[in-house]
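Spelled out, the chains give:
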Amino acid sequence: MAEVVQARTSFTTPGSPSRKRSASPLDQNDQSATEPSSTSTALTNTTTNETSLTSSEPPTKKTKLIRRKRRPARPQVDASTLKSEPPPQTGTIFNIWYNKWSGGDREDAALSKTAAVSRCNIRNDSGWTAADKTPGSFFCLFFARGICPKGHECQYLHRLPGTFDIFNPNVDCFGRDKHSDYRDDMGGVGSFTRQNRTLYVGRIHVTDDIEEVVARHFQEWGEIERTRVLTGRGVAFVTYVNEANSQFAKEAMAHQALDNNEILNVRWATVDPNPLSAKREAARIEEQAAEAVRKALGARTVRQIEGRESKEEKEQRKLESGYGLEGYEAPEAIWFNQQKQLEYEAQRNDERALLEDGNHEMQAAQNSVLPVEDSTTAATTQQGNGILSSSTLAALKGYSANSSTQAARSAPVSAGPLVGYGSDDDSD
């Protein structure tokens, strides 16, 4: 009997495995006598198990973050294969600084139909370079053309332009200076007088899926806003969302091929004469201006202007603009001027605190320097520890006092601001 109770007691222990014991014929009589106690013990065991199950919390799921390091940019071509040759003559004057011909806007016809040496592969070629450590770095022109041999040692960026890559309107994303007007053939860097995000793509091989081919090849260089394809002429107009992406795509797709080994003619597009396009561009510029105004005003003021204030903000504004008068609400102009005055006072307080800190520092510096007389007196109090004797220091002190009194006597007394004016009149 003691052995059975011990077995049931071990069963009540939470977390212990259950054990089954077969009843022997000798224990059948005892089983009938201990049936009530065994039933209560079983109920107790069931309650204990349910409590332990409900009290145990499910295991928490831990998400392991795997941070992959950015890979370095790889060299696109071997440096030994690049040959520095003078460009073919396409103008009348050779510019030694830019290593090109000038005086003719239109390129040579044979040069414009020469296929590019290589093509940039964003997925395999992009990576970090030395320029990633410098904010505001420009993008590598040779990387866009697929012929940069430096890799991660390049001083320019080897990646695609993003939304936050904003440059001066006078330069492009490669750091080249823009001009006041476009070239006659709409090539080159472009003009700073207009934000051009549209590319003209010519000499496309006409197929049934020409629109899909153009979109597939040009969306590799950034987000496209719209694409218009003239199927019969083999011409397409591709407009990007970001201007930097259009500049990068122009250099990346110049003299490249799509799917049929053609040589593309990529230029800047002229102004679209379509009235709908002009309205769309005006709406985009207006939205950019509105976004700039929203950032300047702040989120609370924008919600107030657009009527999206919460109930608490409205009540707070009424209390602050009521000036303690029940039922009075100041006009919007007074509320706006009050906010400006608070901002101005906060700025003045900050400036005053800075000035006070500077004055305290100057006062501390002046207090740290002892006067001459104090230093002399301190030296006289020393008993034989200084270089000069006490009699010598006393003589120096008397000499300084006599010189100061003589200087005070020799100084002229000013009788007014007009004395010594140097007039020629005898009455003076």
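Just so it is clear, the structure is predicted and the values come from calculations on it, not from any experiment.

It is not clear to me how the overall build of the protein chain should be interpreted in this structure. Could you clarify?
Per the secondary structure count, the protein chain includes 14 helices and six strands. Buried residues in the protein chain amount to 22% of all 428 residues. At a minimum sequence separation of 6, the contacts of the protein chain that also span at least 24 residues come to 60%.

I would appreciate a short explanation of helix α7 (residues 210–218) in the present structure.
Side chains of residues three or four places apart in an α-helix project in the same direction, reflecting 3.6 residues per turn. Those residues of α7 not exposed but buried are Ile210, Val213, Val214, His217 and Phe218. Buried residues of α7 fall within an arc of 110° about the axis and therefore sit on the same side.

Got a minute to help me understand a nonpolar patch on the surface in this structure?
On the surface, Phe94, Ile96 and Trp97 cluster together into a nonpolar patch covering about 420 Å² of accessible area. Taking relative accessible area as the criterion, Phe94 reaches 31% and is therefore assigned partly exposed.

When you look at the UniProt feature "domain: C3H1-type" (unreviewed entry) in the protein chain in this model, what are you seeing that I'm missing?
UniProt records the feature "domain: C3H1-type" (unreviewed entry) at residues 134–161, using the numbering of this structure. Taken as a whole, residues 134–161 contains 18% helix and 0% strand, while its terminal C-alpha atoms sit 15 Å from one another.

Where do I start with unusual backbone geometry in this structure?
Outside of glycine, negative phi angles account for most residues, and trans bonds account for most peptide bonds. One non-glycine residue, Arg203, adopts positive backbone phi at about 60°. The topology assignment puts Arg203 in the loop between β3 (198–202) and α7. The phi torsion at Asn261 lies on the positive side, around 60°, for a residue other than glycine. Examined against the element boundaries, Asn261 turns out to sit in the loop between α8 (243–252) and β6 (265–268). The exposure class of Asn261 is exposed, given its relative accessible area of 73%.

Help me out: how do you make sense of the pattern of salt bridges in this one?
A pair can form between side chains of opposite charge whenever their charged atoms are brought close. For the coordinates displayed, the defined rule picks out 20 salt bridges. Where Glu291 meets Arg294, a salt bridge forms, and the shortest distance between an N and an O atom there is 3.1 Å. Taken together, the residues span about one helical turn, with Glu291 and Arg294 both in helix α9 (residues 275–297) at a distance of three residues. A relative accessible area of 36% means that Glu291 is categorised as partly exposed.

Sorry if this is basic, but what is going on with the sheet that holds β6 here?
Each strand in a sheet pairs with another by means of backbone hydrogen bonds, the pair being arranged parallel or else antiparallel. As summarised here, the arrangement of the four strands in space is β4-β5-β3-β6, forming an open sheet in which the pairing is antiparallel. Both edges of this open sheet fall to β4 (224–230) and β6, since each of them pairs with a single strand only. Neighbouring strand axes in the sheet, compared pairwise and without regard to direction, differ in orientation by 20° on average. Packed onto the sheet, α8 meets β3, β5 (235–240) and β6 and runs at close to 150° relative to β6.

Just to check I follow, could you spell out the packing of aromatic side chains for this structure?
For any pair of aromatic rings, the description consists of the separation of the ring centres together with the inter-plane angle of the planes. Counting across every chain of the model gives six aromatic pairs. One aromatic cluster in this structure is built from Phe143, Phe174, Trp221 and Phe248.

Sorry if this is basic, but what is going on with the environment of Arg216 here?
Tracing the backbone shows Arg216 in helix α7. Under the relative-accessibility criterion, Arg216 is labelled partly exposed at 36%. When the C-alpha atoms of Arg216 and Leu258 are compared, they prove to be 9.3 Å apart, with 42 residues separating the residues in sequence.

Quick question: what am I supposed to make of the nonpolar core here?
Note on soluble globular proteins: their nonpolar side chains tend to be buried together. Core analysis: the largest hydrophobic core is formed by 36 residues, its most contacted members being Ile204, Val214, Phe218, Trp221, Phe248, Leu258 and Leu264. Elements supplying a minimum of two residues to this core: α6 (141–145), β3, α7, β5, α8 and β6. Beyond its immediate chain neighbours, meaning those up to four positions away, Trp221 contacts Arg119, Cys120, Ile122, Leu160, Tyr240, Asn245, Phe248, Ala249, Ala252 and Met253.

I'm lost on the confidence of the model for the protein chain in this one. Help?
Residues shown with low pLDDT carry predicted positions that ought not to be read at fine detail. The predicted model of the protein chain averages 74 in pLDDT, with 62% of residues at 70 or higher. Per-residue pLDDT stays below 50 along residues 1–40; that stretch engages in 15 contacts with residues further than four places along the chain or on separate chains. With pLDDT under 50 throughout, residues 413–423 is counted as low confidence; its partners more than four residues away or in other chains account for one contact.

What exactly am I supposed to notice about the side chain of His158 here?
Assignment of secondary structure puts His158 in the loop between α6 and β3. Apart from residues no more than four positions distant in its own chain, His158 is found in contact with Ala73, Ser126, Gly127, Thr129, Cys140, Phe143, Cys148 and Gly151.

I keep staring at the side chain of Gln247 and nothing clicks. Help me out?
Positionally, Gln247 belongs in helix α8. Judged by relative accessible area, Gln247 falls into the buried class, the value being 7%. Setting aside residues no more than four positions away along its own chain, Gln247 makes contact with Asp172, Cys173, Phe174, Lys178 and Trp268.

Quick question: what am I supposed to make of the pairing of β4 here?
Looking along a regular strand, one sees the side chains alternate between the two faces of the sheet. Pairing of β4 with β5, which is carried by six bridges, proceeds in the antiparallel orientation. Looking across to β5, one finds that Thr227 is bridged to Val238. Taken together, β4 and the strand that follows it, β5, pair antiparallel across an intervening segment of four residues, in which Gly234 is found at a positive phi of about 70°.

Could you clarify how one ought to interpret the state of the cysteines in this entry?
Note on terminology: a disulfide is the covalent bond linking the sulfur atoms of two cysteines. This model, assessed by the stated rule, comprises zero disulfides. Cysteine Cys140 is unpaired, with the sulfur of Cys148 as its nearest cysteine sulfur at 3.8 Å. Using a relative accessible area of 3% as the deciding quantity, one classes Cys140 as buried. A relative accessible area of 2% places Cys148 in the buried class.

What's the story with the environment of Val238 in this structure? I'm lost.
Within the element layout of this structure, Val238 appears in strand β5. The spacing of Val238 and Tyr200 is 38 residues in sequence and 6.9 Å in space, taken between C-alpha atoms. Those residues in contact with Val238 that sit more than four places away from it in its chain are Arg197, Thr198, Leu199, Val201, Val214, Phe218, Ile224, Arg226 and Thr227.

Rules behind the numbers
- Residues numbered from 1 in each chain as written.
- Predicted model: local features only at pLDDT ≥ 70, side-chain atom pairs only at ≥ 80, totals over all residues.
- Heavy atoms only, no water.
- Helix = DSSP H or I, 4+ residues; strand = E, 2+ residues; numbered from the N terminus.
- Buried < 20%, exposed > 50% of the residue type's maximum accessible area, 1.4 Å probe, protein only.
- Contact = heavy atoms within 4.5 Å.
- Arc of directions from axis to C-beta.
- Patch = residues over 30% accessible without salt bridge, like charges linked within 9 Å, V, L, I, M, F, W, Y side chains within 5 Å.
- Areas by Shrake-Rupley, 256 points an atom, 1.4 Å probe, with all protein chains shown as cover.
- Salt bridge = Lys/Arg side-chain N within 4 Å of Asp/Glu carboxyl O.
- UniProt positions renumbered as here; feature names shortened; annotations may be inferred.
- Pairing = 2+ DSSP bridges.
- Axes fitted to C-alpha atoms, helices over the stretch in contact; angles between N-to-C directions.
- Phe/Tyr/Trp six-rings, centres within 6.5 Å; stacked < 30°, edge-to-face > 60°.
- Core = buried A, V, L, I, M, F, W, Y, C linked by side-chain atoms within 4.5 Å.
- pLDDT = per-residue confidence, 0-100.
- Disulfide = S-S within 2.5 Å.

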